[in-house]
Amino acid sequence: MSDIDQRRRTLCTQLLGGLAGIALGGPAWARPSVDEAAKVFRLDGAGVTYAFGVNQDGQLQALYWGSALAPEDKLPAPVPVPENSSNEMPVNLTPFEYPGFGGGLTVEPALKVTFPDGVRDLVLRHVDHRVDGERIVIRLKDVSRAVHVTLTYAMDAATGILARSAVVENRTASWIQVDQLAAAAINLPYSDDYRVSYLTGRWAGEFALQTRPIAPGSIVIETRKGVTSHQANPWIAISRGATEEEAGPVWFGALGWSGSWRIHVDMDALGGLRTTAGYNPFDFAYRLKPGEKLASPVFHAGYSGEGFGGASRVFHRYQREKILPGAPTPRLRPVLYNSWEATLFAVDEAGQTALAEKAASIGVERFVMDDGWFGSRSSDKAGLGDWVVNRKKFPNGLQPLIRRVRDLGMEFGLWVEPEMVNPDSDLYRAHPDWVIHFPGRPRSEARTQLVLNLARKDVYEHLLTMLDRLLKEHDIAFLKWDHNRAWSEPGWPEVAPAEQQRLYVAYVDNLYKLLGELRRRHPKVEIESCASGGGRVDLGIMALTEQVWTSDNTDPFDRLLIQDGFTRAYTPAIMMAWVTDAPNFVNRRVTSLEYRFLSAMQGGLGIGANLNHWKDEDFAKARQLVAEYKTIRKTVQQGKLYRLVSPQGGSRRSATLSVAQDGGQAVLFAFLHSSGLREAPPRIQLRGLDPNKTYALRAIAGKAAAQTPKRASGAYWMGHGLAVDMAGDFQAAAFVLEA
Ligand code: GLA
């Protein structure tokens with residue numbers, strides 16, 4: 001299968017993965033409607049309308065995106081914005097759905113190409129369109145040259161989320177170079193009170209929420225690092241003045257791409273707002289031979305009138321029902337144990353077996369051995385790339401450990417970092433040319449490692465063979481797939497200079513292909529996307545991995561903020577969180593075991609502590625909380641999340657409520673950083689309950705204020721609220737309400 005076929009397959013899997021759900025009786029995509037006379041296209045679903053049309057110049061122009069219009073509301077064919085002054089040509093003011101760089105365009109293009117004769121002008125006009133089942137497929141073509149663009153639109157009926165993507169095809173007789181390719185441009189009309197929210201970060205500090213007003217000019221959120229990155233995550237939300245957590249309009253979107261990406265938000269001279277999302281054009285060049293195509297990633301965009309909470313709830317649902325492996329009913333995350341913080345690289349059969357026995361005793365379901373089990377790996381300085389069991393640490397291979405883990409009733413999981421190599425490794429000594437590099441130039445190391453060029457066929461084949469063998473020869477249920485450094489010197493010397501920048505796309509295509517092929521060959525194996533914590537979390541990798549490692553920062557208090565940021569974009573169904581030791585290795589903070597558990601129980605629960613240091617009472621507490629977690633995990637992982645009190649902005653308190661999809665259970669977590677000035681505990685007003693049902697309250701940990709009823713109506717818990725009796729520093733409580 002060629003690269004392009006594979007990319008299209010990945011696209012189809014992402015865009016149309018949910019269509020399989022229709023056959024299974026699952027949730028459907030919305031049926032588009034087309035007004036052929038006016039050439040107006042409309043997608044309606046879940047209280048959202050998205051409309052666009054073809055104007056008299058044959059250009060595709062935005063008409064509307066927001067809360068649902070009435071079916072009988074007829075949208076007139078779009079009209080280009082007239083010339084405003086000789087300094088603002090209409091092309092720069094008209095809200096195009098997919099502008100090419102050409103015809104005077106100076107705002108952000110969705111597509112820019114260079115022709116062999118030096119022409120860099122592309123003006124895209126509507127050729128034809130068709131409604132293909134649940135998709136609208138629009139074909140555009142340059143006014144004179146055979147550059148064709150196919151745009152695809154599909155809206156999820158259950159959430160109103162729109163998936164958009166583009167494919168550019170070279171039908172000229174010579175090469176063309178794609179300098180820039182976006183999935184979509186999406187427009188909003190003028191307003192002077194828009195704000196944009198997005199997520200930035202760093203190692204051990206991912207998913208930091210940023211919000212700022214939008215004014216004329218550009219806001220660029222991006223990574224140039226070859227991987228999704230900690231620095232910024234490909235998600236944005238645009239809100240208007242009064243929008244709050246549970247009220248007001250929010251337009252949001254996320255790009256499904258695990259390489260260098262860019263989201264460009266710009267307000268034009270008349271205040272029109274457009275968002276363009278796609279491959280990062282920085283250092284980008286993708287040459288297409290005659291007949292070749294290049295597909296963009298998919299941009300998934302939604303609208304909610306119910307604030308940031310409403311926006312994230314529909315997005316979470318979309319991810320569960322349309323994106324994740326197993327969609328529309330992804331499996332619940334098992335409780336895992338991971339050895340990393342306990343042993344670092346010092347893994348061996350006896351030590352891991354001892355940890356596994358202890359982990360099993362508290363109810364862990366999946367035991368994962370982290371780094372250090374292979375090659376000459378005893379630190380981060382050597383061995384990466386040599387995926388053979390270290391016989392000093394495991395004289396009889398991994399089988400005895402795996403057997404013991406299986407006998408203890410747990411699944412076995414293993415850490416790998418396939419895309420990397422230490423220069424001090426047999427692999428690098430044999431294949432120094434396999435890494436991304438420029439010939440004759442220094443190769444910058446980070447964590448003493450280099451990045452293998454997965455775009456190369458031989459590297460791809462090698463990794464597939466190696467991982468396939470590992471999974472064939474061992475009873476492995478889970479891989480923690482790591483990626484611990486950004487790219488540098490992005491050269492690919494084996495191909496012609498003009499082809500080298502294909503690396504940015506070809507690498508990620510092959511990563512998806514590799515994950516897809518391994519999943520096909522080993523359908524029972526689950527995978528976690530990790531990149532030094534949360535450096536590779538996006539809707540592209542999410543289609544191929546069941547869960548993500550949220551952050552290497554396992555401090556339970558820092559995690560509240562990280563998890564709050566994470567859930568603005570992504571579902572807790574994939575968000576792994578571990579209970580580790582105190583003081584925490586990141587910041588030396590000391591917290592109680594119960595506090596650590598309650599923080600981690602807000603996502604997929606894991607234990608990463610050194611169980612050899614635990615006392616009997618720690619095991620007893622852990623056993624109780626793991627058992628409790630199993631009774632609430634469906635609600636926590638796959639329920640509706642309400643961020644009742646956000647830890648953002650230095651708040652001393654935070655609280656989340658997860659309400660089961662069937663409404664039968666709700667789980668409240670409440671945290672206090674430190675009490676001050678002898679304050680009384682504020683009442684927390686719950687949300688999302690049925691006002692007419694009676695809910696019984698039960699504490700998992702901590703207690704409700706005196707006189708809190710044991711049973712009350714949903715109306716009571718939502719209107720009157722619940723006060724949690726908490727005082728002191730780093731306090732936590734959790735409650736279950738059952739209808
Ligand atoms: C990365 C991961 C950690 C751990 C180490 C192992 O930092 O994020 O969880 O697996 O690598 O080297």
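The model shown is predicted, which means the values in this text are computed figures rather than measured ones.

1. What about the overall build of the protein?
Here's step 1: Of regular secondary structure, the protein possesses 13 helices and 38 strands.
Here's step 2: The globule rule puts the C-alpha radius of gyration for 739 residues at 27 Å, and the 26 Å found for the protein is close to it.
Here's step 3: Considering only C-alpha atoms, the protein reaches an extent of 75 × 70 × 50 Å along its principal axes.
Here's step 4: Sorting the 739 residues of the protein into buried and exposed places 61% on the buried side.
Here's step 5: Across the protein, contacts joining residues at least 24 apart in sequence account for 69% of those joining residues at least 6 apart.
Here's step 6: Surface summary for the protein: the accessible area is close to 26100 Å², and the carbon and sulfur share equals 51%.
Here's step 7: Within the protein, the 82 negative side-chain charges are centred at a point lying 2 Å from the centre of the 84 positive side-chain charges.

2. Digging into the site of the ligand
Here's step 1: Neighbouring the ligand are 13 residues; Asp370, Asp371, Arg447, Lys480 and Asp552 lie closest to it.
Here's step 2: Contact distances for the ligand include 2.9 Å between an oxygen atom and a side-chain N or O atom of arginine 447.
Here's step 3: If the ligand stood free it would expose 310 Å²; the protein chains cover 97% of that surface.
Here's step 4: Residues belonging to the shell around the ligand are distributed by class as follows: 4 nonpolar, 3 polar and 6 charged.

3. Observations concerning the packing of helix 8 (residues 457-473) against helix 9 (residues 503-521)
Here's step 1: The contact between helix 8 and helix 9 brings their axes to 10 Å, and the two run at 25°. Comparing the axis directions of helix 8 and helix 9 gives the class roughly parallel. Where helix 8 crosses over helix 9, the handedness of that crossing is right-handed. Only Asn510, Lys513, Leu514, Glu517, Leu518 and Arg521 of helix 9 make contact with helix 8, whose side of the interface consists of Tyr460, Leu463, Leu464, Leu467, Asp468 and Leu471.
Here's step 2: Residue classes in the contact of helix 8 with helix 9 are distributed as 7 nonpolar, 1 polar and 4 charged.

4. Description of the pattern of salt bridges
Here's step 1: Across all of its chains, the model carries 54 salt bridges by this definition.
Here's step 2: Of the charged contacts in the structure, one is a salt bridge between glutamate 357 and arginine 404, with a shortest N-O distance of 2.9 Å. Pair noted here: glutamate 357 is in helix 5 (residues 349-361) and arginine 404 is in helix 6 (residues 399-407), with a separation of 47 residues, a long-range link.
Here's step 3: Aspartate 426 is the partner of arginine 429 in a salt bridge, and the nearest nitrogen-oxygen pair spans 2.9 Å. Note that arginine 429 and aspartate 426 are positioned in helix 7 (residues 426-430) at a spacing of 3 residues, about one turn of the helix.

5. Some details on the environment of leucine 332
Here's step 1: Among the secondary structure elements, leucine 332 is positioned in the loop between helix 3 (307-323) and strand 21 (336-338).
Here's step 2: The exposure class assigned to leucine 332 is partly exposed, which follows from its relative accessible area of 26%.
Here's step 3: Each C-alpha atom, one on leucine 332 and one on glutamate 546, is 9.3 Å from the other, the two residues being 214 residues apart in sequence.
Here's step 4: Excluding residues that lie within four positions of it along the chain, leucine 332 makes contacts with Arg633, Lys634, Gln637 and Gln638.

6. Some points on the packing of aromatic side chains
Here's step 1: Taken as a whole and assessed by the stated rule, the structure comprises 30 aromatic pairs.
Here's step 2: Ring geometry for tryptophan 340 against phenylalanine 345: centres 5.1 Å apart, planes inclined by 90°, an arrangement best described as edge-to-face.
Here's step 3: For tryptophan 340, a relative accessible area of 14% translates into the label buried.
Here's step 4: Geometry around tryptophan 175 places arginine 287 over its ring, the cationic atom sitting 3.6 Å from the centre.
Here's step 5: Here lysine 322 stacks its cationic end above the ring of tryptophan 29, 5.1 Å away from the centre of that ring.

7. Here we look at the pairing of strand 20 (residues 298-304)
Along any regular strand, the residues point their side chains to alternate faces of the sheet.
Here's step 1: The buried fraction of strand 20 is high, at 7 of 7 residues.
Here's step 2: Here 3 bridges tie strand 9 (residues 162-170) to strand 20, and the two strands are oriented antiparallel to one another. Its bridge partner being in strand 20, leucine 162 is matched across the sheet by alanine 301.
Here's step 3: The sheet contact formed by strand 15 (residues 250-256) and strand 20 spans 7 bridges and is antiparallel. Note on strand 20: the bridge partner recorded for glycine 256 is valine 298.

8. Let's talk about the pairing of strand 3 (residues 48-54)
Here's step 1: Of all 7 residues in strand 3, 7 are buried, a share of seventy percent or more.
Here's step 2: What sits between the antiparallel neighbours strand 2 (residues 40-45) and strand 3 is a turn of 2 residues, in which alanine 46 has the positive phi angle 50°.
Here's step 3: Note: strand 3 against strand 4 (residues 60-67), 7 bridges, orientation antiparallel. Its bridge partner being in strand 4, valine 48 is matched across the sheet by serine 67.

Calculation criteria
- Residues numbered from 1 in each chain as written.
- Predicted model: local features only at pLDDT ≥ 70, side-chain atom pairs only at ≥ 80, totals over all residues.
- Heavy atoms only, no water.
- Helix = DSSP H or I, 4+ residues; strand = E, 2+ residues; numbered from the N terminus.
- Rg over C-alpha atoms; globule rule 2.2 N^0.38 Å.
- Buried < 20%, exposed > 50% of the residue type's maximum accessible area, 1.4 Å probe, protein only.
- Contact = heavy atoms within 4.5 Å.
- Areas by Shrake-Rupley, 256 points an atom, 1.4 Å probe, with all protein chains shown as cover.
- Lys, Arg positive; Asp, Glu negative; His and termini not counted.
- Charge placed at Lys NZ, Arg CZ, Asp CG, Glu CD.
- Near = heavy atom within 4 Å.
- Polar contact = N/O pair within 3.5 Å; in protein donor to acceptor, adjacent residues only side chain to side chain.
- Nonpolar A, V, L, I, M, F, W, Y, C, P; charged D, E, K, R; others polar.
- Axes fitted to C-alpha atoms, helices over the stretch in contact; angles between N-to-C directions.
- Parallel < 35°, antiparallel > 145°, perpendicular 65-115°, else oblique.
- Left-handed = near helix turned anticlockwise from the far one by under 90°.
- Salt bridge = Lys/Arg side-chain N within 4 Å of Asp/Glu carboxyl O.
- Phe/Tyr/Trp six-rings, centres within 6.5 Å; stacked < 30°, edge-to-face > 60°.
- Lys NZ or Arg CZ within 6 Å of the ring centre and 35° of its normal.
- Pairing = 2+ DSSP bridges.

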